[in-house]
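# Residue-level structure breakdown
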Amino acid sequence: MKTTITSEQAHYCEASARVLLGDGFFRVDSRPARDYGVILLRWLAQKRQGMPVAVLDGLAGCGIRSVRYGLEAGATELVVNDADPQRLALLDHNLAALSQCAGVHWQASSGTIQKLLASFVLQEKHFDLVDLDAFGAATDLLPSALGAVRLGGIFYLASSDGRSFTGHDRPAALRRLGAAVRAQPCSWELALRLQMGAVARAAWAMGHGVQPLLCFSEGRTFRSAVQLTRRPAAAEEALLGLQAYCHRCGNHWGTSLLAWKSLGICSNCGAEPVTSGPLWRGPLQNTTVLKAALELEQKAGLNSLSPPALKQLQRLINDGAEQPEAFALADLARQLRGDMPPLKDLLKALVAAGWQAAASGIQAMQFRTDAPWAEVLRLAR
Ligand SMILES: C[S@@+](CC[C@H](N)C(=O)[O-])C[C@H]1O[C@@H](n2cnc3c(N)ncnc32)[C@H](O)[C@@H]1O
Ligand SMILES: [Zn+2]
């Protein structure tokens with residue numbers, strides 16, 4: 001059945017985009033994910049200093065991201081694809097908005113992303129941004145997707161396979177991530193670190209390296225943006241590791257796989273932990289890049305960041321997640337057999353005692369500290 005597009009249909013507006021949504025999948029509340037793609041591409045386009053900026057929007061839905069990449073972020077060439085053939089007329093309709101921008105070329109298609117990526121590998125075609133807003137876990141696409149990213153370009157990946165990534169379907173996690181995954185309270189952090197670990201391993205296998213730019217979740221979808229580098233940075237491999245969680249007392253700890261002999265027993269209560277990994281133990285955010293992207297956003301005056309996206313970005317800038325373990329206030333409350341202590345007071349007490357401590361930017365009511373868990377418990381008491 002052919003989709004009929006008429007200009008009388010109701011449009012949806014988001015930042016500079018005014019698009020028809022059609023009948024397929026679209027979430028208004030995924031706007032922060034689209035906003036961040038825009039500000040990261042704008043940051044990269046500025047670094048390319050007038051050179052062409054090519055984007056592959058591989059699972060484009062109605063094409064709203066591509067419209068915004070062209071209107072707000074400086075994309076000059078867009079390949080916009082969605083496997084649903086019903087979407088092609090809609091994509092053509094929505095992308096016509098780009099005809100007002102001189103020098104912006106776009107092409108819509110309705111193939112599978114698997115075929116499209118394979119064709120780019122054969123053509124040796126590279127993009128400044130490869131955006132895969134996938135359903136489920138797209139780990140099968142990692143080698144060909146990274147193969148389509150220009151060195152120094154950005155790979156922006158979404159996975160919505162929460163059950164595997166948070167350890168609620170352990171056999172599926174093993175199949176999709178090649179990792180052991182055990183459910184625990186800091187589940188968004190765990191899922192993002194597993195996803196980053198899978199991306200890093202795929203890049204390393206190709207001889208390249210990765211620099212995480214931005215990782216975040218709202219609990220349903222796990223999103224990571226990384227910059228592909230020619231080679232791994234010094235000791236980048238040491239950032240792949242394992243994480244232990246003590247179900248009895250809420251302690252977390254971990255190790256690099258390079259240093260791994262044993263994760264031992266819990267230093268606080270002596271119980272055996274559960275172990276997850278391999279996962280990424282490096283920073284999850286590049287706060288320098290995020291600050292630069294935010295500055296450019298303020299200069300551009302295009303309102304690409306919605307208020308919730310701005311608020312969340314500020315939280316991520318305040319927590320680069322260099323410390324690979326986060327702790328949950330709920331675990332602390334369980335140990336204290338009482339109410340959750342106010343996070344602000346706990347962080348203040350930890351800092352006053354000479355430890356580093358900050359709220360997690362990834363998930364509310366969680367925090368990072370270099371203090372041993374026994375010390376956190378002592379101070380909270
Ligand atoms: C999460 S939605 C995309 C939403 C869109 N990026 C946005 O921001 O509104 C995922 C899209 O992938 C498409 N899709 C599913 N499997 C695909 C495949 N193998 N290749 C290409 N597109 C696919 C679906 O038709 C769907 O529109
Ligand atoms: Zn313990």
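The coordinates are above.
Residues numbered from 1 in each chain as written. Chains lettered and ligands numbered in written order. Predicted model: local features only at pLDDT ≥ 70, side-chain atom pairs only at ≥ 80, totals over all residues. Heavy atoms only, no water.

Further remarks concern the state of the cysteines. Going through the model one piece at a time under the given rule, you end up with zero disulfides. Unpaired in this structure, Cys-101 has its nearest cysteine sulfur neighbour in Cys-13, at a distance of 16 Å. We note that Cys-215 lacks a disulfide partner, and the nearest cysteine sulfur, in Cys-186, lies 16 Å from it. (Disulfide = S-S within 2.5 Å.)

Right, let's talk about the packing of aromatic side chains for a bit. Considering all chains together, one arrives at seven aromatic pairs under this definition. Residues Phe-327 and Trp-373 carry aromatic rings whose centres are separated by 5.0 Å and whose planes lie at 10 degrees to one another, so their mutual orientation is stacked. Taken as a pair, Phe-327 in strand β13 (residues 327-328) and Trp-373 in helix α13 (residues 373-380) lie far apart in primary sequence, 46 residues in all. A relative accessible area of 3% means that Trp-373 is categorised as buried. Three or more aromatic residues joined by ring pairs make a cluster, and in this case those are Phe-327, Phe-367 and Trp-373. Here Lys-125 stacks its cationic end above the ring of Phe-127, 5.1 Å away from the centre of that ring. (Phe/Tyr/Trp six-rings, centres within 6.5 Å; stacked < 30°, edge-to-face > 60°. Helix = DSSP H or I, 4+ residues; strand = E, 2+ residues; numbered from the N terminus. Buried < 20%, exposed > 50% of the residue type's maximum accessible area, 1.4 Å probe, protein only. Lys NZ or Arg CZ within 6 Å of the ring centre and 35° of its normal.)

For the rest of this paragraph, the subject is the coordination of the zinc ion (ligand 2). Coordination of the zinc ion (ligand 2) by the protein comes from Cys-246 (SG), Cys-249 (SG), Cys-266 (SG) and Cys-269 (SG), over a distance range of 2.3 Å. Around the zinc ion (ligand 2) sit four donor atoms, and with donor-metal-donor angles ranging over 99 to 117 degrees the site reads as tetrahedral. Coordination of the zinc ion (ligand 2) draws on donor residues from a single chain, spaced C-x2-C-x16-C-x2-C in sequence. Here Cys-249 is found in the loop between β10 (240-245) and β11 (252-256), whereas its partner Cys-269 is found in the loop between β11 and β12 (274-280), with 20 residues between them in sequence. Classification of Cys-269 as partly exposed rests on a relative accessible area of 25%. (Donors = N, O, S within 2.8 Å, 3.2 Å for Na, K, Ca; no water. Tetrahedral: all angles 85-135°; square planar, octahedral: opposite > 155°, others 65-115°.)

To continue, consider the site of ligand 1. The local shell around ligand 1 holds 19 residues, among which Arg-65, Asp-82, Ala-83, Ile-113 and Asp-133 are the closest. One of the backbone nitrogen or oxygen atoms of Leu-59 is found 3.1 Å away from a nitrogen atom of ligand 1. A distance of 2.8 Å is found between a nitrogen atom of ligand 1 and a side-chain nitrogen or oxygen belonging to Asp-133. Burial of ligand 1 by the protein chains amounts to 86% of its free accessible area of 610 Å². Within the residue set of the shell around ligand 1, elements represented by two or more residues are α2 (64-72) and α4 (113-123). Residues that form the shell around ligand 1 fall into these classes: eight nonpolar, six polar and five charged. (Near = heavy atom within 4 Å. Polar contact = N/O pair within 3.5 Å; in protein donor to acceptor, adjacent residues only side chain to side chain. Areas by Shrake-Rupley, 256 points an atom, 1.4 Å probe, with all protein chains shown as cover. Nonpolar A, V, L, I, M, F, W, Y, C, P; charged D, E, K, R; others polar.)

Keep in mind these values describe shape, not function.
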